[in-house]
Amino acid sequence: MTVITVKYFGRLTDITGLSEENITVGEQSIIESIETQIIEKYTDLKNEIYVLFLNRNKVQDKTTRLKQADELCLMPPFSGG
Amino acid sequence: MNINVDFSFIQGPVHIRTENEKSPKVGATAEFYGSIRADSIDNKVVIAIEFTAHKEIAEEACYSIMNSIALKYKLNSIIIKHSLGKVLAGQICFLVKVESAHRKAAFAALEEMVDEFKEKVPVFGKEIFENGSYTWKQNN
């Protein structure tokens, strides 16, 4: 059983009602499948623009496999400064 | 060359300190203050912005940009502070300060750093209105 932490930022926290949660994923799960799972749970995310970060690195390849204790972040466009 | 590069998040508003003496290697200092404007959106006035961030990713992204700009413009120093939490209209939430030998580098580095920060550092602002409602800030 692999448990990862998913974190949401900015306006995405309004849609999910959370800033973070732990998700149990299958052994061979890839980022793309977990993203699909998240969107199925929070359907309004489908209309949102966001970037994914895995363990503090911007995701370039959504076929990357997830491991125990990975941190996946969904970030909408930045609005600091 | 020893460049002073420093970024920090501050809880609440940023307070400004100035110094009256500079290093003899510095000829130009340029500063930018970002402060909270009481914008009117749909007839509601912004009274505060509440900032959140992924601190670790933000720090890595910001230092990467700062180091790159410091080398590009041969800066003596580059200092950034950004607020987290609630900052009221009129208060300062963002400070960028650069020092260099000459003014052209200082002006150019300052503008580039502010623009890069707004585009690439994961900080998020919630604009809070007087009636308690809010909307998520969008940078342009």
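The structure we're discussing is the one just above.
As a starting point, this report considers the structure included with it. (Residues numbered from 1 in each chain as written. Chains lettered and ligands numbered in written order. Predicted model: local features only at pLDDT ≥ 70, side-chain atom pairs only at ≥ 80, totals over all residues. Heavy atoms only, no water.)

A closer look at the overall build of chain B
Part 1: Across its full length, chain B carries two helices and eight strands.
Part 2: Starting at the N terminus and ending at the C terminus, chain B contains elements arranged as β-β-β-β-α-β-β-α-β-β.
Part 3: Compactness check: chain B gives a C-alpha radius of gyration of 16 Å against a globular reference of 14 Å for 140 residues, within 12% of the reference.
Part 4: By its C-alpha atoms, chain B is 50 × 30 × 25 Å across when sized along the principal axes.
Part 5: Within chain B, buried positions represent 46% of all 140 residues.
Part 6: In chain B, once contacts between residues fewer than 6 apart in sequence are set aside, the share between residues at least 24 apart is 77%.
Part 7: Roughly 7800 Å² of accessible area belongs to chain B as shown, and the carbon and sulfur atoms make up 47% of that amount.
Part 8: Each charge sign in chain B was given a centre, from 17 positive and 18 negative side chains, and these centres are 4 Å apart. (Helix = DSSP H or I, 4+ residues; strand = E, 2+ residues; numbered from the N terminus. Rg over C-alpha atoms; globule rule 2.2 N^0.38 Å. Buried < 20%, exposed > 50% of the residue type's maximum accessible area, 1.4 Å probe, protein only. Contact = heavy atoms within 4.5 Å. Areas by Shrake-Rupley, 256 points an atom, 1.4 Å probe, with all protein chains shown as cover. Lys, Arg positive; Asp, Glu negative; His and termini not counted. Charge placed at Lys NZ, Arg CZ, Asp CG, Glu CD.)

On their own, these measurements won't tell you what the molecule is for.
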